[in-house]
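# A look at the structure
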Amino acid sequence: MTVIVFGSINVDVNVRSRVLPRPGETVHGESYAIGLGGKGANQAVAAAKLGAKTRFVGRVGADAFGGFAIEALERFGVPTADIAVDPGAMTGIATIGVDAEGRNSITVVGGANMSFTEADGDAVGRSLGAGDVLLLQLEIPVPAILAAAAAGRARGARIVLDPAPAPGAGVAASLVAAADILTPNELETAALVGLEPTDEASAAEAGKRLIALGAKVAIVKLGARGCMVVGEDESVFIPAFKVATIDTVAAGDCFNGGLAAALSFGAGLARAGRFAAATAALSTTKIGAADAAPSLAEVEALTETPRIPMHVGNR
């Protein structure tokens, strides 16, 4: 079985300075770094580094950042045959300013990510097979997401939707219903059902409300507290793994990449949720987004469980 990620590719330009500039102000920065980003790219890298057979359908512009992104994906072991180069668009970017206290200011320009159409999504869904896992996020147009989910489900694929970043106007009910597994964090859950989960009980209640909206399974992510897996008949709480956290960037993306990988290996929901929680925890022990995604050996060592049956990966 294959993990197919359909989503965004950004190049992140990270700038650190003592303070963030106010409107009209120029400040001197202390350092900067350029790296691969975008929720789709981060999740594809996480799945591939865990050994899952991975496809990534994304889009970049015909510019220097596009070449940088493709080279980075290849370096992380993500196949790039399905990465389209759009000559009429710029590669998506995110400019991220971080001050001495860790506060940030982020501007995202979607660029080529926003040129996906409903027809593109339908083509992605039609390329899937029974048992494949389709991983979706909300950094590409919603019509493309819905079309991919509908066509993929019709062919027996499992649809995992990370409803992030949650749009200001909320997430449409049609998107929730399109997901076999919905994976919101606390703030995204609050935006969806009006209840921000803070513990096991509130996470279970929020999960039930998500199922009432149409999701088949809800995995409510609680950050450092763990996650709650809620199905129609039962709920399972998975405590977070204790690690020495230094950077939480893309931990949610690593969770979803780990979840999709475990499902493609044949794991059940509870085991896949625990595998995903370990993947996310380990990512916080390293600096960066895609760079911080752990290997399968690291996840297995943390979970202290036997190897999940695997398919052959990408290398």
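You'll find the structure just up there.
So, here's what we can say about the structure. (Residues numbered from 1 in each chain as written. Predicted model: local features only at pLDDT ≥ 70, side-chain atom pairs only at ≥ 80, totals over all residues. Heavy atoms only, no water.)

## A look at the packing of aromatic side chains
Applying the stated criterion to the full structure yields 2 aromatic pairs. Arranged with centres 5.0 Å apart and planes meeting at 80 degrees, the rings of Phe6 and Phe116 form a pair that is edge-to-face. One end of the pair, Phe6, is in strand 1 (residues 3-6); the other, Phe116, is in the loop between strand 7 (104-109) and helix 3 (118-126), with 110 residues separating them in the sequence. By the burial criterion, Phe6 is buried, and Phe116 matches it. (Phe/Tyr/Trp six-rings, centres within 6.5 Å; stacked < 30°, edge-to-face > 60°. Helix = DSSP H or I, 4+ residues; strand = E, 2+ residues; numbered from the N terminus. Buried < 20%, exposed > 50% of the residue type's maximum accessible area, 1.4 Å probe, protein only.)

## Examining the pairing of strand 12 (residues 226-230)
Burial runs high along strand 12: 5 of the 5 residues are buried. Where burial is concerned, the two faces of strand 12 agree: the one with Gly226, Met228 and Val230 and the one with Cys227 and Val229 are both buried. Of the strand pairs in this sheet, strand 11 (residues 217-221) and strand 12 are connected by 4 bridges, and their pairing is antiparallel. Looking across to strand 12, one finds that Ala218 is bridged to Val230. The turn joining strand 11 and strand 12, which pair antiparallel and follow one another in sequence, is formed by 4 residues; a positive phi near 60 degrees is taken by Gly223. Bridging between strand 12 and strand 13 (residues 235-239) involves 5 bridges; their strand directions are antiparallel. Residue pairing in the sheet places Met228 in a bridge with Phe237 of strand 13. Where strand 12 hands over to strand 13, the hairpin turn is made up of 4 residues, counted between the paired strands. (Pairing = 2+ DSSP bridges.)

## With respect to the pattern of salt bridges
Counted according to the given criterion, the structure contains 11 salt bridges. Taken together, the salt bridges that share partners define one network made up of Lys39, Asp162, Lys221 and Asp253. (Salt bridge = Lys/Arg side-chain N within 4 Å of Asp/Glu carboxyl O.)

## As for helix 4 (residues 142-154)
Compared with the 18 Å implied by 1.5 Å per residue over 13 residues, the 18 Å span of helix 4 between its first and last C-alpha is a close match. Every buried residue belonging to helix 4 is among Ala144, Ile145, Ala147, Ala148, Ala149, Ala151 and Gly152, and all of these are buried. Residues of helix 4 that are buried in the fold lie against strand 1, helix 3, strand 8 (133-136), strand 9 (158-161) and helix 5 (173-177). Once helix 4 ends, the next one or two residues include Gly156, with phi positive near 90 degrees. (Expected span 1.5 Å × (residues − 1). Contact = heavy atoms within 4.5 Å.)

## Some thoughts on the packing of helix 6 (residues 186-193) against helix 7 (residues 200-212)
The relative placement of two packed helices is expressed as an angle between their axes plus a distance between the axes. It is at 10 Å that the axes of helix 6 and helix 7 come closest, and there the two elements cross at 50 degrees. In terms of orientation, helix 6 lies oblique with respect to helix 7. Judged by the sense of rotation from one axis to the other, the crossing of helix 6 with helix 7 is left-handed. Residue-level inspection shows Thr189, Leu192 and Val193 of helix 6 in contact with helix 7, the latter providing Ala206, Arg209 and Leu210. Per-class residue counts for the contact of helix 6 with helix 7 are 4 nonpolar, 1 polar and 1 charged. (Axes fitted to C-alpha atoms, helices over the stretch in contact; angles between N-to-C directions. Parallel < 35°, antiparallel > 145°, perpendicular 65-115°, else oblique. Left-handed = near helix turned anticlockwise from the far one by under 90°. Nonpolar A, V, L, I, M, F, W, Y, C, P; charged D, E, K, R; others polar.)

## Some remarks on the nonpolar core
Ranked by size, the top nonpolar core spans 50 residues in total, and within it Ile9, Leu36, Phe56, Leu73, Ile219 and Leu259 carry the most contacts. With 8 residues, the single largest contributor to this core is helix 9 (residues 269-283). Apart from the residues within four sequence positions on either side, Leu259 is in contact with Val160, Ile181, Thr183, Ile219, Ala272, Gly273 and Ala276. Grouped together as the second largest cluster of nonpolar side chains are 37 residues, Val124, Leu134, Ala148 and Leu192 included. (Core = buried A, V, L, I, M, F, W, Y, C linked by side-chain atoms within 4.5 Å.)

## Quick look at unusual backbone geometry
Geometrically, the link from Ala164 to Pro165 is a cis peptide bond, its omega value of -5 degrees lying close to zero. Position of Pro165 relative to the elements: it lies in the loop between strand 9 and helix 5. The phi angle at Ala250 is positive, at roughly 65 degrees, despite the residue not being glycine. By the element assignment, Ala250 lies in the loop between strand 13 and helix 8 (251-265). The class of Ala250 is buried, set by a relative accessible area of 15%.

## Comments concerning the state of the cysteines
Tallied over the entire structure, the rule returns 0 disulfides. As a non-bridged cysteine, Cys227 has Cys254 as the owner of its nearest cysteine sulfur, 14 Å distant. Residue classification places Cys227 among the buried residues on the basis of a relative accessible area of 0%. The exposure class of Cys254 is buried, given its relative accessible area of 2%. (Disulfide = S-S within 2.5 Å.)

## Quick look at the packing of helix 3 against helix 4
In contact at an axis separation of 7 Å, helix 3 and helix 4 are set at 25 degrees when each is read in the N-to-C sense. Between helix 3 and helix 4, the angle falls in the class roughly parallel. For the element pair helix 3 and helix 4, the recorded crossing hand is right-handed. For the pair helix 3 and helix 4, the contacting residues are Glu118, Gly121, Asp122, Val124, Gly125 and Arg126 in the first and Pro143, Ala144, Ala147, Ala148, Ala151 and Gly152 in the second. In terms of residue class, the contact of helix 3 with helix 4 is built from 6 nonpolar, 3 polar and 3 charged.

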